[in-house]
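Chain and residue survey
Each chain, letter by letter, is given below.
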Amino acid sequence: MSNAALEFVEADGYGEIFRAAPESVRRAHGVEVCDVAGATCILLGAAAAT
Amino acid sequence: MLNRVNGLGLRGPVGDAELDEIDAFFRAGGTRYAIGLSPLAPPDLAPRLAERGFEPGYAWMKFGRGVEPPPEVETALRIEEAGADRGAVFGSIVARGFGLPDVAAEWFAALADRPGFRLFLAYDGEEPAGAGALFARDGIGWLGIAATVPEHRRKGGQGAILAARIRLAGELGLRALATETGERTADRPSNSYRNIVRAGFEERYLRPNYASPA
C-alpha cells in the first residue's frame, strides 16, 4: 500500500473530525474550520481554553 | 491536534496566496498554529515555510500495516464497540484522556453519528477507561483518537483497542491501515509507540510539525 494512501486516509479522517464539531460548540467556543489548497485548518478559539 | 493544518500539499502545489490565506485564518483567531508536513508534499514547501519563520518541531511517526490478524493482547479491561448511544461516553473519555477542554467531549461525541467512523471503548468493570476510533474510506483504514484516562493507564487497554480495530478492519474487507504517534525520543515516554509496533505496524517515515512564528 502506498504511503500516499495512508496519508490521504489520515487527512480525510482529521477533516471529518474537524467538521464534526457541532454548531453549538462552534458558536460557543469559537471553533472554525477552513479548507485551503486541499488542506484542512482547525482553529480552537480562545474562549474554549478558558 | 488543535490549531493546526493537516494534509497541506498532498493534493497538489501550494501557492504563496494559499499560505497567506492559511496565515490570515489563524491570525484572525489570535493564535499560533502548526502545519504537519508530509514528506509526500512538494519539496519546496519546507524551505518556503522556513522563509516565513516556521520552525520544524516535534515530529510524528507514520505507520502502516495490512489487516492480517493482530497478536493477542492480554488485558483485564473489556473492549466493546460503542454504538451511537455511547457517543457521549466516548467523547468524555477522549477529552479526559487527552487533557482537552470540556468543549472537546461534546465534539468527539458527535463522531458516533459520523459516516466512516467506528468507535471503541475499554471498560474496567462498568467504568469506561479508554477509547479509540477506526475511520475507513476508499478501502483504507485510519486508527486514531486513542485515549486512556489517567487512572486506567498501563492496563493494556490501548493495545487491546488497537487489536479490536485491526480485527474489524479485516472483517470490513479493508486493504491497509494507517496510524501515527509522536516520534520516539530519549526524553519522551513512548507507550503509544510501543503499542503500535507490538500490534504489527511498520514505521514508514517521520512527519515534522512546523510551528508558526509568534
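The structure under discussion appears in the preceding block.
Before going into details, it helps to say that this report is about the structure given with it.

This paragraph deals with the overall build of chain A. Regarding its fold elements, chain A presents two helices and two strands. Along chain A, helices and strands appear, N-terminal first, in the series α-α-β-β. Here chain A holds 50 residues, and 42% of them are scored as buried.

Here we come to the interface of chain B and chain A. Interface size is commonly expressed as the accessible surface area that is lost when the partners come together. Across the contact, 43 residues belong to chain B and 35 residues belong to chain A. With five residues, the top contributor of residues to the side of chain B that touches chain A is helix α1 (residues 16-28) of chain B. Grouping the constituent residues of the side of chain B that touches chain A by class yields 20 nonpolar, twelve polar and eleven charged. Two strands pair when backbone bridges link them, and strand β2 (residues 39-43) of chain A and strand β1 (residues 4-6) of chain B are joined in this way by three bridges, in the antiparallel orientation. Bridging from a neighbouring strand, A:C41 pairs with B:V5 of β1(B).

Okay, the sheet that holds β2(A) next. Pairing is mixed in the open sheet, where six strands are placed in the order β1(A)-β2(A)-β1(B)-β2(B)-β11(B)-β3(B). Across the chains shown, the open sheet's two edge strands, defined by having one partner strand only, are β1 (32-36) of chain A together with β3 (55-56) of chain B. Pairing between β3(B) and strand β11 (residues 209-211) of chain B: two bridges, direction antiparallel. Bridge assignment links B:P56 to a residue of β11(B), and that residue is B:Y210. Set on the sheet, helix α1 (residues 3-19) of chain A makes contact with β1 and β2 of chain A together with β1 of chain B; between it and β2(A) the angle comes to about 35°.

About the criteria used
- Residues numbered from 1 in each chain as written.
- Chains lettered and ligands numbered in written order.
- Predicted model: local features only at pLDDT ≥ 70, side-chain atom pairs only at ≥ 80, totals over all residues.
- Helix = DSSP H or I, 4+ residues; strand = E, 2+ residues; numbered from the N terminus.
- Buried ≥ 20, exposed ≤ 12 C-beta atoms within 10 Å, placed from the backbone.
- Contact = placed C-beta atoms within 7 Å.
- Nonpolar A, V, L, I, M, F, W, Y, C, P; charged D, E, K, R; others polar.
- Pairing = 2+ DSSP bridges.
- Axes fitted to C-alpha atoms, helices over the stretch in contact; angles between N-to-C directions.

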